[in-house]
Amino acid sequence: MEEPKPKLKLAVYWAAACGGCCVSVLDVHEKLFDVIAAADLIFWPIALDTKYSDVENMPDNYIDVTLFNGAVRNSENEHMARLLRAKSKILVAYGSCAHMGGIPGLANFSTKEDLLRRVFEDSESAINPGNLRPLPETEVKEGVLNIPVFFNDVRSLSQVVDVNYFIPGCPPQTERLLEVFTAIVTGAELPPDGSVAGADTKAQCEECVRKKSENKKITKFFRPWEIEDDGVTCFLEQGVLCMGPATRAGCGHRCIKGNAPCRGCYGPPPGATDPGAKMMSAVASIIDEKEPEAINKII
């Protein structure tokens with residue numbers, strides 16, 4: 001009788017992120033039984049009582065696949081990124097924050113000093129006469145307390161360690177996760193290291209079901225709550241910013257189906273290294289004015 005195929009060892013880690021990516025692993029619903037049948041979850045801090053020391057004591061390359069979600073915001077995140085890289089055969093940047101920095105990456109518009117001052121001194125709810133700040137190391141009667149060092153910059157996972165694959169999304173769609181996991185389990189041919197997996201090569205606009213005209217022109221932009229969306233017409237043609245032109249397809253454009261414009265969580269399509277510049281170009285092309293003063297007013 002043929003011996004059963006050994007199970008994969010799977011890890012999931014949550015760094016600087018909201019937790020939605022961790023929850024998305026559970027969103028596979030009954031398919032989770034298929035995952036468990038093929039893999040043993042050996043490290044998942046929100047669900048398993050596995051300690052960092054347990055991972056540190058594992059041999060290198062002991063974990064077959066690690067889904068690392070979240071950006072690298074502090075020294076704990078960086079330590080775990082380097083540790084899980086050493087212990088994992090395949091390290092996946094799972095979700096927008098690990099992929100490109102995500103929402104935490106917006107903090108890079110400010111400095112560490114700006115952020116700490118705002119939170120601990122200047123915020124409307126702060127009562128801190130001594131302007132005290134948290135310290136990485138504090139001695140109390142019970143011993144020494146240690147907390148992670150807060151970095152000045154937020155980094156994506158690949159800015160810290162080598163990454164095998166990127167699965168974009170905020171969070172990634174569970175169908176895409178299952179596709180990638182199934183490919184790994186079955187031994188299917190995987191894309192080259194550094195590839196974006198579980199996503200399309202087209203832009204969102206190319207598969208969006210909303211109606212678009214050949215020559216879209218607008219004279220004013222609106223926030224979504226300022227107009228009554230007709231549920232049919234392209235958001236951009238209604239004057240609502242939608243990141244569809246600069247975003248990789250693959251999520252099933254679920255936000256748009258829910259009458260919300262795309263926010264770009266799947267990152268840029270291949271060939272568009274700067275989604276911001278691509279989006280600015282798309283916006284500039286639909287402004288229906290020629291005079292600089294009128295254009296500036298619209299912007």
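It should be noted that the structure appears before, not after, this text.
Values in this document were obtained by computation on a predicted structure and should not be read as measured data.

## Quick notes on the overall build of the chain
- In terms of helices and strands, the chain carries 11 helices and 10 strands.
- Seen through its principal axes, the chain has C-alpha atoms that stretch 70 × 65 × 30 Å.
- Scored against the burial criterion, the 299 residues of the chain give a buried share of 41%.
- When the accessible surface of the chain is totalled, it reaches about 17200 Å², and 55% of it is carbon and sulfur.
- Once the 32 positive and 41 negative side-chain charges of the chain are each reduced to a mean point, those two points are 3 Å apart.

## Quick notes on the sheet that holds strand β2 (residues 39-43)
- The sheet built from six strands is open, its strands ordered β2-β1-β3-β5-β9-β10 with parallel pairing. One side of each edge strand has no neighbouring strand; the edge strands of this open sheet are β2 and β10 (195-196).
- Across four bridges, the pairing between strand β1 (residues 8-14) and β2 is parallel. Residue pairing in the sheet places Leu10 in a bridge with Leu41 of β2.
- Along the sheet, helix α4 (residues 75-87) makes contact with β1, β2, β3 (63-69) and β5 (88-94), crossing β5 at roughly 140°.
- Strands β1, β2, β3, β5 and β9 (165-167) of the sheet are contacted by helix α7 (residues 174-186), whose axis makes an angle of about 150° with β1.

## A look at the packing of aromatic side chains
- Following the criterion strictly, the structure yields four aromatic pairs and no others.
- On the numbers, 6.1 Å between centres and 10° between planes, the contact of Tyr13 with Phe43 is stacked. Taken together, the residues Tyr13 in strand β1 and Phe43 in strand β2 connect sequence positions 30 residues apart. We note that Tyr13, like Phe43, is buried.
- Between Phe43 and Tyr52, the aromatic rings sit 6.4 Å apart at their centres with planes inclined by 65°, giving edge-to-face as the arrangement.
- Relative accessible area serves as the criterion here: at 0%, Phe43 is assigned to the buried category.
- These aromatic residues form a ring-pair network of at least three members: Tyr13, Phe43, Tyr52 and Phe68.
- Above the plane of the ring of Tyr62 lies Lys9, whose end atom (NZ or CZ) is 4.9 Å from the centre.

## With respect to α4
- In this model, α4 (13 residues) spans 18 Å end to end at C-alpha, consistent with the 18 Å of a helix rising 1.5 Å per residue.
- For α4, the set of buried residues is Asn77, Glu78, Met80, Ala81, Leu83, Leu84, Arg85 and Lys87.
- Between the side-chain oxygen of the N-cap and the backbone nitrogen of Glu76 there are 3.1 Å, and the N-cap of α4 in question is Asn74.

## Thoughts on the nonpolar core
- By size, the foremost hydrophobic cluster in this structure holds 24 residues, and its most contacted members are Val65, Leu67, Val92 and Tyr94.
- Those elements that place two or more of their residues in this core are β1, α1 (20-26), α2 (32-38), β3, β5, β9 and α7.
- No other element matches α7, which puts four residues into this core.
- Here Val92 is in contact with Val65, Thr66, Leu67, Phe68, Leu157, Tyr165 and Ile167, once residues within four sequence places are set aside.
- Judged by nonpolar contacts, the second largest core, of 23 residues, contains Ala11, Tyr13, Ala81 and Val161.

## A look at the layout of surface pockets
- Of the voids in this model, the largest pocket is the one considered here, and its volume is about 660 Å³.
- Of all elements in the fold, only α5 (96-100), β8 (150-155) and α9 (254-257) reach the threshold of two or more residues within the lining of the largest pocket.
- Among the elements that line the lining of the largest pocket, the one with the most residues is α5, at four residues.
- Taken together, the residues that form the lining of the largest pocket break down as 14 nonpolar, 15 polar and three charged.

Reading the values: the criteria
Residues numbered from 1 in each chain as written. Predicted model: local features only at pLDDT ≥ 70, side-chain atom pairs only at ≥ 80, totals over all residues. Heavy atoms only, no water. Helix = DSSP H or I, 4+ residues; strand = E, 2+ residues; numbered from the N terminus. Buried < 20%, exposed > 50% of the residue type's maximum accessible area, 1.4 Å probe, protein only. Areas by Shrake-Rupley, 256 points an atom, 1.4 Å probe, with all protein chains shown as cover. Lys, Arg positive; Asp, Glu negative; His and termini not counted. Charge placed at Lys NZ, Arg CZ, Asp CG, Glu CD. Pairing = 2+ DSSP bridges. Contact = heavy atoms within 4.5 Å. Axes fitted to C-alpha atoms, helices over the stretch in contact; angles between N-to-C directions. Phe/Tyr/Trp six-rings, centres within 6.5 Å; stacked < 30°, edge-to-face > 60°. Lys NZ or Arg CZ within 6 Å of the ring centre and 35° of its normal. Expected span 1.5 Å × (residues − 1). Polar contact = N/O pair within 3.5 Å; in protein donor to acceptor, adjacent residues only side chain to side chain. Core = buried A, V, L, I, M, F, W, Y, C linked by side-chain atoms within 4.5 Å. 1 Å grid on protein atoms, 1.4 Å probe; cavity = no way out; pocket = protein on both sides within 12 Å on 5 of 7 lines; lining within 4 Å. Points joined across faces, edges and corners; volume = space filled by probe spheres on them. Nonpolar A, V, L, I, M, F, W, Y, C, P; charged D, E, K, R; others polar.

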